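Here are the chains, one letter per residue:
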Amino acid sequence: MNKRKKIENIYIIVPAYNEEFVIRSTIKNLEKYFENIVVVNDGSTDKTIKELKGSNITLINHPLNLGVGAAIQTGFQFILTHCKDAIGIITFDADGQHDVNDALQIAENLITGSEDIIFGSRFLGHQENVPFIKRTALRAVNKITNFLTSVNLTDAHNGLKGFRKSAIKEINLEINGYAYETEIIMQVKKNKLSYKEIPTNIIYTDYSKKKGQKLLNGLIILEDLLRLWR
Amino acid sequence: MVYKIFFLTIFIFLFLYSLIRPFPNIYSRLFLFFGSIAGIISLLGSKYANFIASYIGVENGSYLYLYIGLVTIFMFIFYSMNKHTNLENSLAKLSREISILKTLQEKESKKK
């Protein structure tokens with residue numbers, strides 16, 4: 001049993017949509033280290049809510065499926081307005097792709113560092129874990145994102161990120177879908193927020209490959225990007 | 001001839017309607033106003049449409065109507081998509097408020 005004291009002032013947001021098979025283990029791993037976990041159930045139609053019963057989390061239920069960007073914004077709004085003790089927020093995918101140790105590293109950076117946002121990057125050391133085709137597509141989307149936002153990141157679309165609470169106040173997400181990540185980067189540029197990237201691991205299981213973003217979703221991200229850019 | 005009178009009546013009705021109906025914005029009024037005029041002109045005879053077409057520099061009346069039709073379709077798609085996005089954002093905000101309120105209520109009732 002882990003005797004380490006749980007981190008209380010860094011909140012975790014887990015957006016979840018139809019994650020009945022993995023949500024329990026994802027939350028169990030996070031609960032070992034983090035006291036405050038906010039799961040935003042984005043209108044799941046499976047047993048995700050049932051799987052969360054008994055967990056020490058705050059559950060926010062969207063009445064309908066709005067998209068991951070909308071779920072993250074809900075988490076932000078809830079923590080900003082109702083969790084006075086929070087000093088930072090980490091976004092963590094529900095599908096079990098992220099490593100809790102990376103979340104801990106981001107939390108440490110938020111507590112001891114001065115940057116407003118910590119971006120996790122799959123391409124700073126663990127790129128071999130990303131399948132070749134996905135890696136190529138992600139790099140292409142990344143290049144376009146960097147071009148449109150003028151912010152240089154190695155991985156613009158990684159769900160694992162850390163935000164200082166003061167930075168969240170500057171961010172207002174209007175994109176409900178996957179391109180919310182680019183919207184964040186655009187707002188980083190607009191509001192002159194400081195940031196850094198740290199290497200994070202990614203665990204692609206058969207489940208996460210099946211459940212995660214399809215490659216063609218990149219096209220939807222590009223559409224959203226153009227909408228943001230206009 | 002009966003059809004011509006029937007459609008002419010409809011376009012004249014739409015023209016008059018565009019003058020008196022309260023619209024949320026000027027563009028909707030202008031859309032119905034000019035649309036009904038174009039409809040009336042098309043029914044009165046091709047010479048009027050051809051005259052307007054040659055005046056603006058389009059080959060003939062049919063092309064003029066084709067171009068106006070295409071521009072109208074694209075404008076309508078653009079307007080609808082914009083409205084759809086705005087509605088989606090409003091829906092997201094509403095859902096967010098409701099879900100946060102519900103969570104807070106549940107937390108309160110657990111405390112009690």
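Residues numbered from 1 in each chain as written. Chains lettered and ligands numbered in written order. Predicted model: local features only at pLDDT ≥ 70, side-chain atom pairs only at ≥ 80, totals over all residues.

Caption draft 1: Representation of the overall build of chain A. Looking only at helices and strands, chain A features nine helices and seven strands. In terms of overall dimensions, chain A has C-alpha extents of about 45 × 35 × 35 Å along its principal axes. The proportion of buried residues among the 230 residues of chain A is 45%. Looking at chain A alone, contacts between residues at least 24 apart form 78% of all its contacts between residues at least 6 apart. (Helix = DSSP H or I, 4+ residues; strand = E, 2+ residues; numbered from the N terminus. Buried ≥ 20, exposed ≤ 12 C-beta atoms within 10 Å, placed from the backbone. Contact = placed C-beta atoms within 7 Å.)

Caption draft 2: Looking closely at the overall build of chain B. Counting secondary structure elements, chain B contains four helices and zero strands. If you list the helices and strands of chain B from N to C, you get α-α-α-α. The C-alpha atoms of chain B give a radius of gyration of 24 Å, which is well past the 13 Å a tight globule of 112 residues would have. Projected onto its principal axes, the C-alpha coordinates of chain B cover approximately 80 × 30 × 25 Å. (Rg over C-alpha atoms; globule rule 2.2 N^0.38 Å.)

Caption draft 3: Region of the structure containing helix α4 (residues 61-111) of chain B. For α4(B), built from 51 residues, the straight-helix expectation of 75 Å at 1.5 Å per residue is met to within 8% by its first-to-last C-alpha distance of 74 Å. If you follow the buried residues of α4(B), they end up packed against β3 (58-62) and α3 (68-82) of chain A together with α3 (46-56) of chain B. (Expected span 1.5 Å × (residues − 1).)

Caption draft 4: Looking closely at the interface of chain A and chain B. Contact with chain A, which involves 16 residues of that partner, is made by eleven residues of chain B. Of all the secondary structure elements, the ones that give two or more residues to the side of chain A that touches chain B are β3 and α3 of chain A. In terms of residue count, the dominant contributor to the side of chain A that touches chain B is α3(A) (six residues). The residue makeup of the side of chain A that touches chain B, split by class, is seven nonpolar, eight polar and one charged. (Nonpolar A, V, L, I, M, F, W, Y, C, P; charged D, E, K, R; others polar.)

Caption draft 5: The sheet that holds strand β2 (residues 37-42) of chain A, seen in detail. All names here are of chain A. Taken in spatial order, the seven strands of this open sheet run β3-β2-β1-β4-β6-β5-β7, and their pairing is mixed. Every interior strand has two partners, whereas the edge strands, β3 and β7 (195-199), have only one. Here the strands of the sheet are splayed against their neighbours by 20 degrees on average, with no regard to which way each runs. Against the sheet, helix α1 (residues 23-31) contacts β1 (10-16) and β2, and its axis sits at roughly 160 degrees relative to β2. (Pairing = 2+ DSSP bridges. Axes fitted to C-alpha atoms, helices over the stretch in contact; angles between N-to-C directions.)

Caption draft 6: Representation of the nonpolar core in the model. Residue and element names in this part refer to chain A. Residues Ile12, Val38 and Val39 are the most contacted members of the largest nonpolar core, which totals 60 residues. The element contributing the most residues to this core is α3, with seven residues. Those residues in contact with Val39 that sit more than four places away from it in its chain are Val14, Ala16, Ile27, Leu52, Ile57 and Leu59. (Core = buried A, V, L, I, M, F, W, Y, C linked by C-beta atoms within 7 Å.)

Caption draft 7: Representation of the environment of A:Asn101. Residue and element names in this part refer to chain A. Following the sequence through the fold, Asn101 ends up in helix α4 (residues 100-112). With 12 C-beta atoms counted inside 10 Å, the residue Asn101 sits in the exposed group. A sequence separation of 68 residues divides Asn101 from Tyr33, and the C-alpha atoms of the two residues are 9.3 Å apart.

Caption draft 8: Helix α1 (residues 2-20) of chain B, seen in detail. Taking 1.5 Å per residue as the helical rise, α1(B) with its 19 residues ought to reach 27 Å, and the 27 Å between its terminal C-alpha atoms agrees with that figure. Within α1(B), only zero of the 19 residues are buried, leaving the element largely exposed.

Caption draft 9: Structural view of the confidence of the model for chain B. Overall, the predicted model of chain B reaches an average pLDDT of 91, with 100% of residues at or above 70. Predicted complex metrics record ipTM = 0.82 and pTM = 0.81. (pLDDT = per-residue confidence, 0-100.)

Caption draft 10: A look at the environment of B:Lys4. Residues and elements named next belong to chain B. If you trace the backbone, Lys4 turns up in helix α1. Given 10 C-beta atoms within a 10 Å radius, Lys4 is considered exposed. Sequence separation between Lys4 and Tyr63 is 59 residues, and the spatial gap between their C-alpha atoms is 21 Å.

Caption draft 11: Representation of unusual backbone geometry in the model. Here A:Asn18, not a glycine, exhibits a phi torsion of approximately 50 degrees, which is positive. The topology assignment puts A:Asn18 in the loop between β1 and α1.

Caption draft 12: View of the pairing of strand β5 (residues 117-121) of chain A. All names here are of chain A. Within β5, five of the five residues are buried, leaving the element largely enclosed by the surrounding structure. The alternating pattern of β5 places Ile117, Phe119 and Ser121 and Ile118 and Gly120 on opposite faces, both of which are buried. The sheet contact formed by β5 and strand β6 (residues 161-164) spans three bridges and is antiparallel. If you follow Phe119 over to β6, its bridge partner there is Lys161.

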